[in-house]
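Here is what each chain is made of, one letter per residue.
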Amino acid sequence: MTPVDLSGKVAVVTGSGRGLGLAYARSLAAAGAAVVINDVDTEAAVEAVRILTADGGRAVAEVVPVGSAEAAEALVARAVDTYGRLDVMVTNAGVLRDRVLWKMTDEDFDTVVEVHLRGTFTCVRAAVERMRAQGEGGRIVVAGSPAGQRGNFGQTNYAAAKAGIAAMVRTWGMELAKAGITANAVVPVAATAMTRTIPAFAPHVEALERDGVAFPDSLRKGEGFGTPEDVAGLVTFLASDAAAGVTGQCVGIGGDRLSLWSHPREVSVAYADGGWSAEAIAAAWPVTVGRTPGTFGIPAPQL
């Protein structure tokens, strides 16, 4: 296999002080890219830079909370001022404010949408402006989620934001094609602050962190659940020339599983001459389009 080479490329990775974002940044740097680390935690960002440089990579930090246009422009400026260009934007920063619908506050909703959805939009917009000015194409890699594909209990805000991100990627696949810029979403399933609280996963995550016990095949293959490092290779691939023909896609990865999520599509259709009244729909629903309703929600782990 030909090594993926990102030498001469410059990447911004939001939310890269720890976890998935740090794994992405390390993988990009190992492939030769210079990386702008971003986090709201100064100590985490500085430590991430130290880790990348200790590994022989090039990295600088920009401590700013994503969401606003000003923050996005600061990230792009940091890349350009330090390394002279920007080739890859990876939007990974996120927060959670999980509550069931009737207990979710306006602030809970707005905070998650601001960071995930608006933060992705503003960072990608700023990056694309720079990439189009450079005239050499570019790579946009954003963070999706199974919750955005299927919904998830207690995550109205998060699921809505991630579904919106998937829709933006499909739109950007069209809008950015002429400029040679690809846009794709990574849909990871990995041991993170959120997933380590799931009872079925928690003991395995604890055993890995405490004793270095590898996840069993029931997780890595059966559930497609792994470590942040298992996801990082996909981000580096999508950032590379090898993925020049891949755009507008939501790509799943976790453990030993790599997958492609379908785009929403009509799954059944019925027709009535002259149109549909409420009574006609009620009569036809059980025997036509309603025979096999769509599933929803993330399936419970089968361990």
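Look up: the structure comes first, before these words.
Just so it is clear, the model here is predicted, and its values are computed rather than measured.

Cut-off values and rules
- All chains use their own residue numbering, which begins from 1 and follows the written sequence.
- Given that this is a predicted model, residues contribute local features only at a pLDDT of at least 70 and side-chain atom pairs are listed and counted only at 80 or more, while totals for whole chains, interfaces and linings are drawn from all residues.
- Only hydrogens and water are set aside when side-chain values are computed; all heavy atoms of the structure are taken into account.
- Think of a patch as exposed residues, more than 30% relative accessible area, with no salt bridge, where like charges cluster within 9 Å and nonpolar side chains (Val, Leu, Ile, Met, Phe, Trp, Tyr) cluster within 5 Å.
- Method for areas: the Shrake-Rupley scheme with a 1.4 Å probe, in which residue coverage is limited to the protein chains shown.
- Note on definitions: salt bridges are taken to be side-chain nitrogens of Lys or Arg within 4 Å of carboxyl oxygens of Asp or Glu.
- Every helix listed is a DSSP run of H or I at least four residues long, and every strand listed is a run of E at least two residues long, numbered separately from the N terminus.
- Classification of residues uses two cut-offs on accessible area relative to the type maximum, computed with a 1.4 Å probe and protein chains only: under 20% is buried, over 50% is exposed, and between them is partly exposed.
- The criterion used for residue contact is that any of the two residues' heavy atoms lie within 4.5 Å.
- Axis definition: a line fit to C-alpha positions, over the contact stretch in the case of helices; interaxial angles, taken between N-to-C directions, run 0 to 180 degrees.
- Roughly parallel means an angle under 35 degrees; roughly antiparallel, over 145; roughly perpendicular, 65 to 115; everything else is oblique.
- It is the rotation of the near helix from the far one that decides the hand of a crossing: anticlockwise by less than a right angle makes it left-handed, clockwise makes it right-handed.
- For Phe, Tyr and Trp, rings pair up if their centres lie within 6.5 Å, where Trp contributes its six-membered ring, and each pair is then called stacked (planes under 30 degrees apart), edge-to-face (over 60) or tilted (otherwise).

Below, the discussion takes up a nonpolar patch on the surface. A surface patch of nonpolar side chains, amounting to about 320 Å² of accessible area, comprises Trp276, Ile281 and Trp285. On the secondary structure map, Ile281 appears in helix 10 (residues 278-284). The partly exposed category is assigned to Ile281, whose relative accessible area is 38%.

Turning our eyes to something else, we now look at helix 9 (residues 228-238). The set of residues buried in helix 9 consists of Pro228, Val231, Ala232, Leu234, Val235, Thr236 and Leu238. In the core, the buried residues of helix 9 are packed alongside helix 1 (19-30), strand 4 (88-91), strand 5 (138-143), strand 6 (181-188), strand 7 (249-254) and strand 8 (257-260).

Between helix 4 (residues 106-134) and helix 6 (residues 156-175), the shortest axis-to-axis distance is 8 Å and the interhelical angle comes to 15 degrees. Classified by the interaxial angle, the pair formed by helix 4 and helix 6 is roughly parallel. Here helix 4 and helix 6 pass one another in a crossing that is right-handed. Seen from helix 4, the contacting residues are Asp108, Phe109, Val112, Val113, His116, Leu117, Thr120, Phe121 and Val124; seen from helix 6, they are Thr156, Asn157, Tyr158, Ala161, Lys162, Gly164, Ile165, Met168 and Trp172.

Here the focus is the packing of aromatic side chains. For the coordinates displayed, the defined rule picks out 2 aromatic pairs. Considering the side-chain rings of Phe201 and Phe225, the 4.0 Å spacing of their centres and the 20 degrees angle between planes classify their relative orientation as stacked. Here Phe201 is found in the loop between strand 6 and helix 7 (202-211), whereas its partner Phe225 is found in the loop between helix 8 (217-223) and helix 9, with 24 residues between them in sequence. The burial state of Phe201 is the same as that of Phe225; both residues are buried. Between Phe215 and Phe225, the aromatic rings sit 5.4 Å apart at their centres with planes inclined by 40 degrees, giving tilted as the arrangement. Here Phe215, found in the loop between helix 7 and helix 8, pairs with Phe225, found in the loop between helix 8 and helix 9; they are 10 residues apart in sequence, far enough to count as distant. The burial state of Phe215 is the same as that of Phe225; both residues are buried. Of the aromatic side chains, those joined through ring pairs into one cluster are Phe201, Phe215 and Phe225.

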